[in-house]
Amino acid sequence: NILVKQSSGRSFIVISDFIAIKCFTLKENYLADLRPILKLNQINFKHIIKLIDYNSDYNLMGIEKVKTIYKDTKLLREYANIKFIKKLVVIILHTIFNLYVHNSQINRDFSISNVGIDKNGVIKVFDFELCCYIDKDNDFKSKVEIYQTFKSFMDELIFSVDNLSI
């Protein structure tokens, strides 16, 4: 089985039973997504999608296939529990930290739609198309950007859970 999905206006993804291939329309979008994934793979960050291969001539990335944790804009019922949500929040915080410390970047699009579960049950972040470099010497701007990144993720996460009593 092969499925082709529009990932964004900047890319589409071809998904097979074992691998996903992300195809980008523009080199800038490809590099924006590739650089943080490469760096976090190099430091063996556990919660980043595994980069299998990439081709810069054709703007292609081969990544491991993961199971999504959402449908439409809602967290799937099996993941809408306190234990999973706490774990997800910690992983997003670790990803924000590692991206900033090791690559001087922030991602303006942390979202439940950019998170999946690998075959071993490990939560993985897989989309960094809105990643950009940040001036770490500008302490105030860095703090604001990091805060806004986390806040926008939390806002979406809160609205993605149907059962607000969890």
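See above for the structure.
Residues numbered from 1 in each chain as written. Predicted model: local features only at pLDDT ≥ 70, side-chain atom pairs only at ≥ 80, totals over all residues. Heavy atoms only, no water.

Asker: What is the right way to read the environment of I146 from this model?
Answerer: Following the sequence through the fold, I146 ends up in helix α3 (residues 139–160). For the pair I146 and K22, spaced 124 residues apart in sequence, the C-alpha separation works out to 27 Å. When sequence neighbours within four positions are dropped, the list of residues in contact with I146 reads I96, Y100 and I106. (Helix = DSSP H or I, 4+ residues; strand = E, 2+ residues; numbered from the N terminus. Contact = heavy atoms within 4.5 Å.)

Asker: Can you help me understand the packing of helix α2 (residues 82–103) against α3 in this one?
Answerer: Pairs of packed helices are described in terms of their axes, by the angle between the two and the distance that separates them. At a minimum axis separation of 11 Å, α2 and α3 run at an interaxial angle of 155°. Comparing the axis directions of α2 and α3 gives the class roughly antiparallel. Every pair of crossing elements has a handedness; the one defined by α2 and α3 is right-handed. Note on element contacts: α3 touches α2 through S142, I146, T149, F150, F153, M154 and L157, opposite I85, L88, V89, I92, L93, I96 and Y100. When the residues that make up the contact of α2 with α3 are grouped by side-chain class, the tally is twelve nonpolar, two polar and no charged. (Axes fitted to C-alpha atoms, helices over the stretch in contact; angles between N-to-C directions. Parallel < 35°, antiparallel > 145°, perpendicular 65-115°, else oblique. Left-handed = near helix turned anticlockwise from the far one by under 90°. Nonpolar A, V, L, I, M, F, W, Y, C, P; charged D, E, K, R; others polar.)

Asker: Just checking my understanding: could you explain the side chain of K124 for this structure?
Answerer: Inspection of the secondary structure assignment puts K124 in strand β11 (residues 123–125). Given the relative accessible area of 9%, K124 is considered buried. Within the local environment of K124, its side chain forms a polar contact with the side chain of E64, the two groups lying 2.8 Å apart. Residues contacting K124, with those up to four places away along its chain left out, are K46, H47, I48, I49, K50, E64, V66, N114, V115, G116 and D118. (Buried < 20%, exposed > 50% of the residue type's maximum accessible area, 1.4 Å probe, protein only. Polar contact = N/O pair within 3.5 Å; in protein donor to acceptor, adjacent residues only side chain to side chain.)

Asker: What's the story with α2 in this structure? I'm lost.
Answerer: Spanning 22 residues, α2 covers 31 Å between terminal C-alpha atoms, matching the ideal 32 Å at 1.5 Å per step. For α2, every residue scored as buried is listed here: F84, I85, L88, V89, I91, I92, T95, I96, N98, L99, Y100 and N103. Of the residues flanking the start of α2, the one acting as N-cap is N81, its side-chain oxygen 3.3 Å from the backbone nitrogen of K83. In the stretch just after α2, S104 is the one whose phi turns positive, near 50°. (Expected span 1.5 Å × (residues − 1).)

Asker: Which parts of the structure should I look at to understand the layout of surface pockets?
Answerer: Any empty space left between the atoms is revealed when a probe the size of a water molecule rolls over them. A volume near 410 Å³ is recorded for the largest pocket. The wall of the largest pocket is formed by 20 residues, among which K5, I13, I15, T68 and F126 lie closest to the centre. Put simply, the parts of the chain that give the lining of the largest pocket at least two residues each are β1 (3–6), β2 (11–15), β3 (19–24), β5 (60–64) and β6 (67–68). Ranked by residue count, the leading element in the lining of the largest pocket is β1, at three residues. Among the residues forming the lining of the largest pocket, the class breakdown is nine nonpolar, five polar and six charged. (1 Å grid on protein atoms, 1.4 Å probe; cavity = no way out; pocket = protein on both sides within 12 Å on 5 of 7 lines; lining within 4 Å. Points joined across faces, edges and corners; volume = space filled by probe spheres on them.)

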